[in-house]
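Here is what each chain is made of, one letter per residue.
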Amino acid sequence: MKTVLMTGGTAGLGAYALGQLTKSPGTRLLLGARGAGPAGVETYPLDLARLDSVRSFAAAVRDRLGSAEVDALVLNAGVSLTSGDQRTADGFETTFAVNHLAHYLLLRLLLPQLAPGAVVTLTTSGTHDPAIRTMLSSTPPRHADARLLANPERDPQRDEEARAAGARAYASSKLCNILTVRGLAAQPEASRLRIVAFDPGPTPGTSLLRNTPLPVRLIWRMFGTPLRALMPRFNSVPAAGGALADIASGRTVPPAGAYYARLVRGQLTWPSPSELARRDDVRDRLWRDSAELVGLPVT
């Protein structure tokens, strides 16, 4: 029996990936979500905007599994906001807290539960890389300073315009996802794991832009229909969700030394991430500062 634990599995590409994983014989699915999950999936309450909820979820999973181990940890949930003004109950900027801090905490708490050879995947985005043309190309990450991203009002380079601040917060959080993959890989216990940062590329039809103005949401949904053919660089939900399921299940194995998977026109590629994402000093500082922000020992 293989055990897969997932966030972000109730809508969009995550829901498609979850559906594919449920078809694998002998697979047990555990899902963290704010609402009800699909039939046949063990669903536990999880609000990524609250670190106490993350801790409660991790404790519930450990209690439920007992001595059983997790064979795949799929950290897919994410949010994109129209400004950088929102704060979580813990006082952190919401996009950074949900997309990075909550998943960092969950990963650290569940690390002892991961089986030898387990797959860990975090969903990232091409927006982390200024060299990749995206809808957020004008607002690439300036840094991955966890303390400033959690408290952007302290950042001397902060964006004054709300929309730019929201876009940069998203791109920066996705840079942090890749750095977290690299940070995990640098830990001694990670030698037994397969760790991947998955970039689904632009995938209309998902709920990622649910917090944007109505015209933007309608256009995003429209290109999730057969009209997507008008924009060949867009990926379909089945292509993106299927690629994520293949990585999580072990059907897709990264080439030697590769850890960043990017879906381009429906095909999985393994490029290098941005220059900033490849810096070891940035990686190590983010790992250390994130631990302090969520109240974990620095390793």
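In what follows, the accompanying structure is described. Because the structure is predicted, anything quoted here is derived from the model rather than measured.

### Observations regarding unusual backbone geometry
In this model, Arg265 sits at a positive phi of 50°, which is unusual for a non-glycine residue. Note that Arg265 resides in the loop between strand S7 (260-264) and strand S8 (267-269). Note on Arg265: relative accessible area 54%, which makes it exposed.

### Some remarks on the pattern of salt bridges
In the structure shown here, the tally under the stated rule is 17 salt bridges. For Arg279, the salt bridge goes to Asp281, with nearest N and O atoms at 2.7 Å. Arg285 is the salt-bridge partner of Asp289, the closest N and O atoms lying 3.4 Å from each other. Pair noted here: Asp289 and Arg285 are both in helix H8 (residues 280-294), with a separation of four residues, about one helical turn. Judged by its relative accessible area of 5%, Asp289 is buried. Owing to a relative accessible area of 39%, Arg285 belongs among the partly exposed residues under this scheme. Each member of the salt-bridge network shares a partner with another, and the members are Asp145, Arg285, Arg288 and Asp289.

### Re the nonpolar core
In this structure, Leu5, Leu73, Phe96, Leu114, Val120, Leu184 and Leu193 are the most contacted members of the largest nonpolar core, which totals 57 residues. Counting residues per element, the ones that place at least two in this core are helix H2 (51-65), strand S4 (70-75), helix H3 (94-110), strand S5 (114-123), helix H4 (146-150), helix H5 (162-185), strand S6 (194-199) and H8. Ranked by residue count, the leading element in this core is H3, at 10 residues. In this view, Leu5 contacts Leu30, Phe57, Val61, Val70, Ala72, Leu73, Val74 and Leu110; residues no more than four positions away in its chain are not counted. Counting 24 residues, the second largest nonpolar core, distinct from the first, contains Ala17, Leu21, Val41 and Leu263.

Procedures and definitions
- Residues numbered from 1 in each chain as written.
- Predicted model: local features only at pLDDT ≥ 70, side-chain atom pairs only at ≥ 80, totals over all residues.
- Heavy atoms only, no water.
- Helix = DSSP H or I, 4+ residues; strand = E, 2+ residues; numbered from the N terminus.
- Buried < 20%, exposed > 50% of the residue type's maximum accessible area, 1.4 Å probe, protein only.
- Salt bridge = Lys/Arg side-chain N within 4 Å of Asp/Glu carboxyl O.
- Core = buried A, V, L, I, M, F, W, Y, C linked by side-chain atoms within 4.5 Å.
- Contact = heavy atoms within 4.5 Å.

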